[in-house]
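Architecture at a glance
Residue strings, one per chain:
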Amino acid sequence: DASLAKAADALRARGFEVAALTDAFSAQTLGDAEVLVIDHLADAKAERVMGDLPPVLTDAEIDAVEAYVAAGGGLIVFAECEQDTYGNNLNDLLARFGVHVDSTLVHESTDGGRRHHHNATWVLGEIPTGHGQGILAGVDQLCFYRAGVIDISGNPQAQVLASSSATAHPAQRPLAVALRHGQGRVVVLADSDLVGDDSIDELDHAR
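In this report, we go over the structure that sits alongside the text. By convention here, each chain's residues receive numbers from 1 onward along its written sequence. Confidence filtering applies because this is a predicted model: local features only for residues at pLDDT of at least 70, side-chain atom pairs given and counted only at 80 or more, and all residues used for totals across whole chains, interfaces and linings. Here the side-chain values reflect all heavy atoms present in the structure, with hydrogen atoms and water set aside.

In this section: helix α3 (residues 59–70). Runs of H or I in DSSP of at least four residues are treated as helices and runs of E of at least two as strands, each being numbered from the N terminus. Multiplying 1.5 Å by the residue count of a helix minus one yields the expected span of that helix. Here α3 spans 16 Å end to end across 12 residues, near enough to the 16 Å set by a 1.5 Å rise per residue. For every residue, the accessible area obtained with a 1.4 Å probe (protein chains only) is divided by the maximum for its type, and the residue is called buried under 20%, exposed over 50%, and partly exposed between those limits. Along α3, the residues that are buried comprise Glu61, Ile62, Ala64, Val65, Tyr68 and Val69. For α3, the buried positions fall inside an angular range of 160° around the axis, keeping them on one side. Pointing more than 90 degrees away from the buried face of α3 are the exposed residues Asp59 and Ala60. It only takes one pair of heavy atoms within 4.5 Å for two residues to be counted as in contact. Of the surrounding elements, those touching the buried residues of α3 are α2 (27–30), β1 (35–39), β2 (74–78), α4 (90–95), β11 (174–181) and β12 (184–189). Phi turns positive one or two residues past the end of α3, at Gly72, with a value near 125°. To be clear, the arc concerns the directions from the helix axis to the C-beta atoms.

For the rest of this paragraph, the subject is the nonpolar core. As used in this record, nonpolar core signifies buried Ala, Val, Leu, Ile, Met, Phe, Trp, Tyr and Cys residues forming a set joined through side-chain atoms within 4.5 Å. Grouped together as the largest cluster of nonpolar side chains are 51 residues, with contacts concentrated most on Leu75, Phe144 and Val188. A total of 5 residues in this core trace back to one element, the largest contributor, which is β11. Here Leu75 is in contact with Leu36, Ile38, Val65, Val69, Phe97, Arg185, Val186 and Val187, once residues within four sequence places are set aside.

On to unusual backbone geometry. Phi is mostly negative for residues that are not glycine, and the peptide bonds are mostly trans. Put simply, His169 and Pro170 share a cis peptide bond, and its omega is -5°. Along the chain, the position of Pro170 falls in the loop between β10 (168–169) and β11. Its identity is not glycine, yet Gln172 carries a phi of approximately 50°, on the positive side. Position of Gln172 among the secondary structure elements: in the loop between β10 and β11. Residue Gln172 is classed as exposed on the basis of its relative accessible area of 55%. A positive phi angle, near 45°, is found at Leu203, a position not held by glycine. Locating Leu203 in the fold gives a position in the segment after β12.

Given below as structure tokens:
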């Protein structure tokens, strides 16, 4: 369920060119790509989703990604719940943008009404901009399946796209954020499954 095949097909149907990048991040490999998507880096001992690719970015790769964004590139990062268990250094990259994924698992209380399919760890994000507004135009409902939370204290200008509810634990914490960096933009989501093949057809995930 880590595949993004359906998501890639949905983007291609809308006129985007989508390609897999299996080489180290550099100015050359990022080239003229408009958006870089980094999806759920994990060591094979934790979860085999990377094939033979290493889950740890080198300092040079982190420098290259930051420079790419600063020069006008887009970056979308899918993190996970219990982030520290996956053996990656994704937070070293996100620190360049003033955000951090906290290693936790969001639970929705039984009386909160924000569970999806009555599952305590499938939480319906609250969208502060409301339906049809801003980056999430036309998106009314998003489920975060086993999500962490995002700390934006290092970048208070970051825009919260979705958060946990007041009845969740942790409560009212960002689940998805957007921010500017130089001439570029970054979106971070605390769950990778919502656009995975098994979940993209639910709610408003495909949009």
